[in-house]
Amino acid sequence: KSPPPKELVQKRKFLKRQKDKDMFETVEEVFDTSTLMAVYELMRRGVIGELFGTISAGKEARVYCAKSPEGKDLAVKIYLTNTAEFRKGIRKYILGDPRFEQIANRGLRRLIYAWARKEFRNLKRFAKAGIRVPEPISVYKNVLVMEFIGENCKRAPLLVELAKPENKLSTEEWQKIFDTVVDYMVKMYQKAKLVHADLNEFNIMYWQGEPVIIDVSQAVPLSHPYADEFLRHDIQQIRRFFSSVGVEVPSFAELYSKITGM
Ligand code: ATP
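Just so it is clear, the structure is predicted and the values come from calculations on it, not from any experiment. (Residues numbered from 1 in each chain as written. Predicted model: local features only at pLDDT ≥ 70, side-chain atom pairs only at ≥ 80, totals over all residues.)

A. Up close: the site of the ligand. If you check the shell around the ligand, you find 20 residues, and the closest are Ser56, Gly58, Ala75, Pro134 and Asp215. Breaking the shell around the ligand down by element, the ones donating at least two residues are strand E1 (50–57), strand E2 (61–67), strand E3 (73–79) and strand E5 (143–147). Looking at side-chain class alone, the shell around the ligand contains ten nonpolar, four polar and six charged residues. Each of two domains, domain 1 (31–148) and domain 2 (156–260), supplies a minimum of three residues to the shell around the ligand. (Near = placed C-beta within 6 Å. Helix = DSSP H or I, 4+ residues; strand = E, 2+ residues; numbered from the N terminus. Nonpolar A, V, L, I, M, F, W, Y, C, P; charged D, E, K, R; others polar. Domains from an automatic or database assignment.)

Below, the structure written as structure tokens:
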């Protein structure tokens, strides 16, 4: 066999270099040195045993599956520290929240650490109020470790996925999910005293017959100037989705008064 022509060899080399470069950039994007050190620190503390593949690669965060040293599945959410969207996206939630206002004006990195801690605390507050969320386990810098919703690194479906025709759920089952979600909304408002502020079919998973609320980093206290506006939006989103799957949803006014108790 004759050797491949010189141009082909060069092209292959070029492509390989490109691939390495791309891979390097992808890894680099999430795991800057400080993130890498944060993951190591969580390993040293015995929180994370091993880190596995990506579950989700959003604009603001990546979610990975990991194992605890005892072999339990974990979800590791790593907030990206270098995206422009992040800056724009979170300011409107943080400003006006007395717990975070002071921090908001300091460096971006610290802002992101505060954001990760905020999600951790919101998860705690929701869980304490009796709302099913992933159990928060640990937070360090821009890395949040929580219970994995699913098993063997296969995540549970989101409501949006459950609504696909192939997953045919009966109207009664949807009704049950809806009732539980409304019960969670009542508890969020009246017990946790928080508004989720991004509640929709993309932020609710379905696991072991129960809806599980995720992505609570942007949740705001009732005292937040936009809390009422966010709540109204959440209610509309929930009404829209559940009526699209055949649930006879109560009127907006009825839901609003049930949730707020007013
Ligand atoms: P996005 O930018 O897509 O809105 P996000 O960066 O705000 O997402 P989340 O919504 O919290 O992050 O999580 C992204 C995805 O990761 C979820 O849609 C879900 O598929 C998966 N996920 C999040 N938390 C868990 C968990 N605890 N267990 C299993 N999977 C999870």
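B. Quick peek at the pairing of E5. Of all five residues making up E5, four are buried, and the element is well covered by its neighbours. Summarising the sheet, E3 and E5 pair through five bridges and their orientation is antiparallel. Within E5, the position partnered with Ile78 by the bridge is Val143. Hairpin remark: strand E4 (residues 136–140) followed by E5, antiparallel, with two residues in the connecting loop; positive phi at Lys141, about 50°. (Buried ≥ 20, exposed ≤ 12 C-beta atoms within 10 Å, placed from the backbone. Pairing = 2+ DSSP bridges.)

C. Molecular detail of the sheet that holds E1. Spatial strand order, E1-E2-E3-E5-E4: five strands in an open sheet with antiparallel pairing. Edge strands, defined here as strands with exactly one partner in the open sheet, are E1 and E4. When strand polarity is set aside, the average angle formed by the axes of neighbouring strands in this sheet is 25°. Bridging between E4 and E5 involves four bridges; their strand directions are antiparallel. Looking at E5, one finds that Val139 is bridged to Leu144. Against the sheet, helix H2 (residues 33–44) makes contact with E1, E3, E4 and E5, and its axis sits at roughly 40° relative to E5, the strand it touches most. On top of the sheet, helix H5 (residues 108–128) reaches E3, E4 and E5; it is set at about 165° to E4, its chief contact. (Axes fitted to C-alpha atoms, helices over the stretch in contact; angles between N-to-C directions. Contact = placed C-beta atoms within 7 Å.)

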